[in-house]
Amino acid sequence: MQRHLLMQLCKKRKEKKLNETQHGCFWGLSKACSVIFVLVLFTYWDGQMHSTSDDLTKQHTCTETPGNTRILQIEAIKTLLEESPDILPIACGGGGIPVARIPSNPQTLTGVEAVIDKDRCGAKLANELEADGYIILTDGGGIWQNFGKPDAREMKRASPEYLLGTKAGKKFPGSMGPKIQAAIDFVQNSKKDGAWAAIGDLKDAAKIFSNEEGTLVREDVEEGVVWREAKGAAGSQPKQSKAPHKSG
């Protein structure tokens, strides 16, 4: 039903554009060069969720995001990309809304108290869309070894096997760890040859595509890792972000 409605919207939009004298108008929104669809996605939590909360003054804790999740409204995104490629869908913000199926009635969904990791959710979305690449933008650069120390150095390229073997990011499960794992998951689960993921600073987004900045994660990396050359005493150190951004 949702896919059908979106296809009808896209069809009407195309017909409207043909009759518009002012380029970019869309249903009364004049001077708009493009349209952004913000999709509220429901992420299916297929499993048991255990949580504890001693009292209202203590932090509520949940289990980590399970591996067997599904994006229930993936077809809506595919429809927008196929029918109106000039539309920019924004999806998986915050990981989506976690829901689970009621065992006695599998067709019915119910909300669950859980946190869906946005990096892993983004990787899953990229895989299901068969994207060529998956970029994670941060405020502290790419993947670093010995982050914050005098001998810190940034990876230019790294293979999933190298990152897993060195346990990159494992010391920082609340910051860089999930981002590195999401990049690994996308590359290893991709059906496309030469699939890549990248982690880098938001301000360097344009340069990440050419690997001038950030860290590129892909299978075919000679010896598993290529280190980025130091840019001088000041430029060789990672930018200190507000939140802990470390890789190990």
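Participant: Hey, could you run me through the overall build of the chain in this one?
Facilitator: Counting secondary structure elements, the chain contains 6 helices and 14 strands. Counting contacts in the chain only where the partners sit at least 6 residues apart, residues at least 24 apart contribute 70% of the total. In the structure as shown, the chain presents an accessible area of about 14700 Å², 53% of it carried by carbon and sulfur atoms.

Participant: I'm lost on the packing of helix H3 (residues 118-128) against helix H5 (residues 176-189) in this one. Help?
Facilitator: When two helices pack together, their arrangement is given by the angle between the helix axes and the distance between those axes. At a minimum axis separation of 8 Å, H3 and H5 run at an interaxial angle of 15°. Regarding the angle of H3 to H5, the classification is roughly parallel. The handedness of the crossing between H3 and H5 comes out as right-handed. Contacts between H3 and H5 involve Asp119, Arg120, Ala123, Ala126 and Asn127 from the former and Pro178, Lys179, Ala182, Asp185, Phe186 and Asn189 from the latter.

Participant: Could you clarify how one ought to interpret the packing of aromatic side chains in this entry?
Facilitator: When we look at a pair of aromatic rings, we describe it by the centre distance and by the angle of the planes. All chains considered together, the criterion is met by 2 aromatic pairs. For the pair Tyr134 and Phe186, a centre-to-centre distance of 5.9 Å together with 55° between the ring planes defines the contact as tilted. Of this pair, Tyr134 sits in strand E9 (residues 133-138) while Phe186 sits in helix H5, and the two are 52 residues apart along the sequence. Comparing Tyr134 with Phe186 shows no difference in burial state: the two are buried. On the numbers, 6.2 Å between centres and 80° between planes, the contact of Trp196 with Phe209 is edge-to-face.

Participant: Looking at this model, I keep getting lost on the side chain of Thr215. Mind explaining?
Facilitator: Note on placement: Thr215 falls in strand E13 (residues 215-217). According to the relative accessible area criterion, Thr215 is buried, its value standing at 1%. There is a polar contact of 2.8 Å between the side chain of Thr215 and the backbone nitrogen of Ile143.

Participant: Can you walk me through the nonpolar core in this structure?
Facilitator: Across soluble globular proteins, you tend to see nonpolar side chains buried next to one another. Of all hydrophobic cores here, the largest spans 21 residues; its most connected members are Tyr134, Ile143, Leu163, Ile180 and Phe186. At the level of elements, H3, E9, strand E11 (153-158), H5 and strand E12 (196-201) are the ones that each hand at least two residues to this core. Take this core: its biggest share by element is 7 residues, from H5. Residues within four places of Phe186 in sequence aside, it is in contact with Ala123, Ala126, Asn127, Ala131, Asp132, Gly133, Tyr134, Ala195, Trp196 and Ala197.

Participant: Explain the environment of Asp139 to me, please; I cannot follow it from the model alone.
Facilitator: Tracing the chain through its elements places Asp139 in the loop between E9 and strand E10 (144-145). Owing to a relative accessible area of 34%, Asp139 belongs among the partly exposed residues under this scheme. Sequence-wise, Asp139 and Lys203 are 64 residues apart; in three dimensions their C-alpha atoms are separated by 8.1 Å.

Participant: Explain unusual backbone geometry here, please?
Facilitator: Trans peptide bonds make up most of the peptide bonds, and negative phi angles are found at most residues other than glycine. Positive phi, normally seen in glycine, also occurs at Glu130, with a value near 55°. Mapping Glu130 onto the fold places it in the loop between H3 and E9. Overall, the relative accessible area of 46% leaves Glu130 in the partly exposed class. The residue Lys167 is not glycine, and still its phi comes out positive at about 55°. Following the sequence through the fold, Lys167 ends up in the loop between helix H4 (160-165) and H5. The exposure class assigned to Lys167 is exposed, which follows from its relative accessible area of 59%.

Participant: What is the right way to read the confidence of the model for the chain from this model?
Facilitator: In this model, the chain carries a mean pLDDT of 76, and residues with pLDDT of at least 70 account for 65%. Low confidence marks residues 18-37, where pLDDT is under 50. Its contacts with residues over four positions away, or in another chain, come to 27 contacts. With pLDDT under 50 throughout, residues 47-63 is counted as low confidence; its partners more than four residues away or in other chains account for 18 contacts.

Participant: Just checking my understanding: could you explain the pattern of salt bridges for this structure?
Facilitator: One pass over the full model with this rule turns up 7 salt bridges. Here Lys124 ties to Glu128 by a salt bridge, and the two come within 3.9 Å at their closest N and O atoms. One end of the pair, Lys124, and the other, Glu128, are both in helix H3, 4 residues apart, so they sit about a helical turn from each other. Classification of Glu128 as partly exposed rests on a relative accessible area of 27%.

Participant: What is the right way to read the side chain of Asp185 from this model?
Facilitator: Note on placement: Asp185 falls in helix H5. No salt bridge is formed by the buried Asp185. Its closest oppositely charged neighbour is Arg120, at 4.2 Å. Those residues in contact with Asp185 that lie beyond four places of it in its chain are Arg120 and Asn127.

Parameters at a glance
Residues numbered from 1 in each chain as written. Predicted model: local features only at pLDDT ≥ 70, side-chain atom pairs only at ≥ 80, totals over all residues. Heavy atoms only, no water. Helix = DSSP H or I, 4+ residues; strand = E, 2+ residues; numbered from the N terminus. Contact = heavy atoms within 4.5 Å. Areas by Shrake-Rupley, 256 points an atom, 1.4 Å probe, with all protein chains shown as cover. Axes fitted to C-alpha atoms, helices over the stretch in contact; angles between N-to-C directions. Parallel < 35°, antiparallel > 145°, perpendicular 65-115°, else oblique. Left-handed = near helix turned anticlockwise from the far one by under 90°. Phe/Tyr/Trp six-rings, centres within 6.5 Å; stacked < 30°, edge-to-face > 60°. Buried < 20%, exposed > 50% of the residue type's maximum accessible area, 1.4 Å probe, protein only. Polar contact = N/O pair within 3.5 Å; in protein donor to acceptor, adjacent residues only side chain to side chain. Core = buried A, V, L, I, M, F, W, Y, C linked by side-chain atoms within 4.5 Å. pLDDT = per-residue confidence, 0-100. Salt bridge = Lys/Arg side-chain N within 4 Å of Asp/Glu carboxyl O. Lys, Arg positive; Asp, Glu negative; His and termini not counted.

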